[in-house]
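Observations on the model geometry
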Amino acid sequence: MKILLLGSGELGKEFTIAAQRIGQTIIAVDSYENAPAMQVAHGFEVINMLDGEALDRIVAKHKPDFIVPEIEAIRTERFYDYEKQGITVVPSAKAANFTMNRKAIRDLAAKELGLKTAKYEYATSAEELQKAVGEVGIPCVVKPLMSSSGKGQSTIKTEEDILKAWEYAVAGSRGDVIEVIVEAFVDFHSEITLLTIPQNNNPTLFCAPIGHRQERGDYQESWQPALVAEKDLYEAQDMAEKITEALGGAGLFGVEFFLTNEGVYFSELSPRPHDTGMVTLAGTQNFNEFELHLRAILSLPIFEITLEKAGASAVILASEDSTNPTFTGIEKVAALPKTDFRIFGKPTSRPYRRMGVVLSSDTLATPIEEVVERAKATVKLVTVNS
């Protein structure tokens, strides 16, 4: 099969490697040359994926069997036409359109499906944001409707933060939608990602829950399994199955939840492998998240997902701008037991850009906190140089 991958970052790179292993053809697309997935794909294209005509041209040129989005900034309304042409959009054109826009997915979750979410409002200007903050209360979280990896996301703690939050959200927004969602702050004790895999003609499967910690709206460490009460896990699985079924299609979804003393709150959803799911590269499961996404897409039956090890990931961040980033300390990481790493191969760096990940693993009997602390200590050995 030929797969057109729209977005070629580190998640796309691992997906491409998984696809190469079972003989699929990948054309990697992004807005810049030498993106990580391009380095391992059969071919590549450099376009602005918000340019609908440019998108149409490469679809007509390559005639893919599947279109697999990896990012948000895509002219996703074109996907409906591609489906009519007989191309499978992953997980579906509806799923891609809804989940690329926080407004559509939040309204589907809260209003149509009745899932428990934080109180929220929308705003298209600084003045509307002021009003929305008055409705949801302070503290609250502001996010662009279209963004990823925490870009443009901030927390409003005082009235003086409102204008700064608007300007930051606009600067971090992807696409041409200048609108934000304002969410009431949820008093949660932990966050989890539930990797959820709807299959064609087979039951929906769930991976063991993944815990994660965020800074600046972007994950810093993730671990699997997260310790979740059975009642909360059942509630999260029920919500995840309802919303993925409503979106349709097959593939892996990363569904995020807040765990509180009052129960489980739906937070966000991505229709593709999730950054926190990179912990599965530590061998925590019989299939990592990229292999699961691929198998579900290709309608290869997944008999079961088994938890094999306890694992943790910690991200390697850049601290400076560079057009030729290099790394020191990798040999120290390589010398450690039960430890691994990935360098993504991004051609440039900037402050807080995710450049790699350190992986730590141990037996299932090992307290997960120990595995996480090992990953956090190990990532400090690596420096990204400009």
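Residues numbered from 1 in each chain as written. Predicted model: local features only at pLDDT ≥ 70, side-chain atom pairs only at ≥ 80, totals over all residues. Heavy atoms only, no water.

If you check an unreviewed UniProt entry, the protein appears there as Formate-dependent phosphoribosylglycinamide formyltransferase from Flavobacterium hydrophilum. In the Catalytic activity (unreviewed entry) part of its UniProt record, the protein is described as follows: "N(1)-(5-phospho-beta-D-ribosyl)glycinamide + formate + ATP = N(2)-formyl-N(1)-(5-phospho-beta-D-ribosyl)glycinamide + ADP + phosphate + H(+)". What UniProt records for the protein under Sequence similarities (unreviewed entry) is the sentence "Belongs to the PurK/PurT family." (UniProt positions renumbered as here; feature names shortened; annotations may be inferred.)

**Some thoughts on the overall build of the protein**
Helix and strand counts for the protein come out as 11 helices and 20 strands. A compact globule built from 386 residues would reach a C-alpha radius of gyration of about 21 Å, and the protein, at 20 Å, matches this within 12%. Oriented by its inertia axes, the alpha-carbon framework of the protein measures out at about 50 × 50 × 45 Å. Across the protein, the fraction of contacts at a sequence separation of at least 24, relative to all contacts at a separation of at least 6, is 62%. Accessible surface, the protein: about 16100 Å² in total, of which carbon and sulfur atoms supply 50%. Where the 39 positive side-chain charges of the protein centre and where its 54 negative ones centre are 3 Å apart. (Helix = DSSP H or I, 4+ residues; strand = E, 2+ residues; numbered from the N terminus. Rg over C-alpha atoms; globule rule 2.2 N^0.38 Å. Contact = heavy atoms within 4.5 Å. Areas by Shrake-Rupley, 256 points an atom, 1.4 Å probe, with all protein chains shown as cover. Lys, Arg positive; Asp, Glu negative; His and termini not counted. Charge placed at Lys NZ, Arg CZ, Asp CG, Glu CD.)

**Considerations on the sheet that holds strand β6 (residues 120-123)**
Pairing is antiparallel across the open sheet formed by 4 strands, whose spatial order is β6-β9-β7-β8. Looking at the sheet topology across the chains shown, the edges are occupied by β6 and β8 (154-156). Averaged over all pairs of adjacent strands, the angle between strand axes in this sheet comes to 30°, irrespective of strand direction. Summarising the sheet, strand β7 (residues 140-144) and strand β9 (residues 180-184) pair through 5 bridges and their orientation is antiparallel. What sits directly across from Pro 144, in β9, is Val 180. This element, helix α7 (residues 161-172), spans β6, β7, β8 and β9 of the sheet and lies at about 160° to β8. (Pairing = 2+ DSSP bridges. Axes fitted to C-alpha atoms, helices over the stretch in contact; angles between N-to-C directions.)

**Focus on the UniProt feature "binding site: N(1)-(5-phospho-beta-D-ribosyl)glycinamide" (unreviewed entry) in the protein**
As annotated in UniProt, the feature "binding site: N(1)-(5-phospho-beta-D-ribosyl)glycinamide" (unreviewed entry) corresponds to Glu 10, Leu 11, Glu 70, Asp 275, Lys 346, Arg 353 and Arg 354 in the numbering used here. As for its placement among the helices and strands, Glu 10 is situated in helix α1 (residues 10-21). When its relative accessible area of 7% is taken as the criterion, Glu 10 is described as buried. Once you skip the residues sitting within four places of it in the chain, Glu 10 turns out to touch Pro 36, Glu 70, Met 278, Phe 344, Lys 346 and Arg 354. Tracing the chain through its elements places Arg 354 in strand β19 (residues 354-362). Within the structure, the side chain of Arg 354 is placed 2.9 Å from the side chain of Glu 10, a separation counted as a polar contact. (Buried < 20%, exposed > 50% of the residue type's maximum accessible area, 1.4 Å probe, protein only. Polar contact = N/O pair within 3.5 Å; in protein donor to acceptor, adjacent residues only side chain to side chain.)

**A few points about unusual backbone geometry**
The residue after Val 90, namely Pro 91, is reached through a cis peptide bond having omega -10°. Relative to the helices and strands, Pro 91 resides in the loop between β5 (88-89) and α4 (93-99). The amide bond that connects Ile 138 to the next residue, Pro 139, takes the cis arrangement and shows omega of 5°. Looking at the secondary structure, you find Pro 139 in the loop between α6 (126-136) and β7.

**Brief notes about the packing of aromatic side chains**
For the structure on display, the rule yields 5 aromatic pairs. Here the aromatic rings of Phe 79 and Tyr 82 are separated by 6.2 Å at their centres, their planes lie at 45°, and the arrangement is tilted. Highlighted residues: Phe 79 and Tyr 82, both in helix α3 (residues 79-84), separated by 3 residues, approximately one helical turn. Judged by its relative accessible area of 0%, Phe 79 is buried. Assessed through its relative accessible area of 2%, Tyr 82 is described here as buried. Here the basic side chain of Lys 94 rests over the ring of Phe 98, its NZ or CZ set 5.5 Å away from the ring centre. One cation-aromatic arrangement involves Lys 116 over Tyr 265; the distance from NZ or CZ to the ring centre is 5.3 Å. (Phe/Tyr/Trp six-rings, centres within 6.5 Å; stacked < 30°, edge-to-face > 60°. Lys NZ or Arg CZ within 6 Å of the ring centre and 35° of its normal.)

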